[in-house]
Amino acid sequence: MSTDARAALSELVAALERHLEAAAARRGENDPVVLAAYRAVAEAFEEYDDALLDAYDEVTPLEVFHGDEEDDDDEDD
């Protein structure tokens, strides 16, 4: 799938803005609106990173945190 990098960046920025709005209106620790906005940011970021790679053979220095990965080698540091 090839996505325009500029369009993917715009979607990422919009997702980040929606996440900020959801976080500001948060209703409890596991607010489903905040969780959905979190997932939307992760998806938009991955789309942007893929589009950046496709268009320019470049990536960001970021990655999506998945929280439940068991092979976290950094715990010993």
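Draft legend 1. Inspection of the overall build of the chain at higher detail. When its secondary structure is counted, the chain shows 2 helices and 0 strands. Within the span of the chain, comprising 77 residues, buried residues form 23% of the whole. Contacts in the chain between residues at least 24 apart in sequence constitute 49% of all its contacts with a sequence separation of at least 6. Looking at the chain as shown, the accessible area adds up to about 6300 Å², and 50% of this sits on carbon and sulfur atoms.

Draft legend 2. View of helix H2 (residues 32–56). Compared with the 36 Å implied by 1.5 Å per residue over 25 residues, the 36 Å span of H2 between its first and last C-alpha is a close match. Those residues of H2 lying buried are Val34, Ala37, Val41, Ala42, Ala44, Phe45, Tyr48, Asp49, Ala51 and Leu52. On its buried face, H2 sits against helix H1 (5–24). A side-chain oxygen of the first residue of H2 lies 2.8 Å from the backbone nitrogen of Val33; this N-cap is Asp31.

Draft legend 3. Inspection of the environment of Leu20 at higher detail. Relative to the elements of secondary structure, Leu20 occurs in helix H1. For the pair Leu20 and Tyr38, spaced 18 residues apart in sequence, the C-alpha to C-alpha distance is 9.5 Å.

Draft legend 4. Looking closely at the packing of H1 against H2. For the pair H1 and H2, the least separation of the axes is 8 Å and the interaxial angle reads 165°. Comparing the axis directions of H1 and H2 gives the class roughly antiparallel. The handedness of the crossing between H1 and H2 comes out as left-handed.

Draft legend 5. Geometry of the side chain of Thr60. For Thr60, the location among the structural elements is in the segment after H2. Discounting chain neighbours no more than four positions away, the residues touching Thr60 are Phe45, Tyr48, Asp49 and Leu52.

Draft legend 6. Examining a negative patch on the surface more closely. Judged by side-chain charge, Glu43, Glu46, Glu47, Asp50 and Asp54 come together as a negatively charged surface patch. With respect to the element layout, Asp54 can be found in helix H2.

Draft legend 7. Region of the structure containing the nonpolar core. If you look at the biggest cluster of nonpolar residues, it comprises 12 residues: Ala5, Ala8, Leu12, Ala15, Val41, Ala42, Ala44, Phe45, Tyr48, Ala51, Leu52 and Val64. Contributions of two or more residues to this core are made by H1 and H2. The element that contributes the greatest number of residues to this core is H2, accounting for 7 residues. Apart from residues lying up to four places away in sequence, Phe45 is in contact with Leu12, Thr60, Leu62, Glu63 and Val64.

Analysis parameters
- Residues numbered from 1 in each chain as written.
- Predicted model: local features only at pLDDT ≥ 70, side-chain atom pairs only at ≥ 80, totals over all residues.
- Heavy atoms only, no water.
- Helix = DSSP H or I, 4+ residues; strand = E, 2+ residues; numbered from the N terminus.
- Buried < 20%, exposed > 50% of the residue type's maximum accessible area, 1.4 Å probe, protein only.
- Contact = heavy atoms within 4.5 Å.
- Areas by Shrake-Rupley, 256 points an atom, 1.4 Å probe, with all protein chains shown as cover.
- Expected span 1.5 Å × (residues − 1).
- Polar contact = N/O pair within 3.5 Å; in protein donor to acceptor, adjacent residues only side chain to side chain.
- Axes fitted to C-alpha atoms, helices over the stretch in contact; angles between N-to-C directions.
- Parallel < 35°, antiparallel > 145°, perpendicular 65-115°, else oblique.
- Left-handed = near helix turned anticlockwise from the far one by under 90°.
- Patch = residues over 30% accessible without salt bridge, like charges linked within 9 Å, V, L, I, M, F, W, Y side chains within 5 Å.
- Salt bridge = Lys/Arg side-chain N within 4 Å of Asp/Glu carboxyl O.
- Lys, Arg positive; Asp, Glu negative; His and termini not counted.
- Charge placed at Lys NZ, Arg CZ, Asp CG, Glu CD.
- Core = buried A, V, L, I, M, F, W, Y, C linked by side-chain atoms within 4.5 Å.

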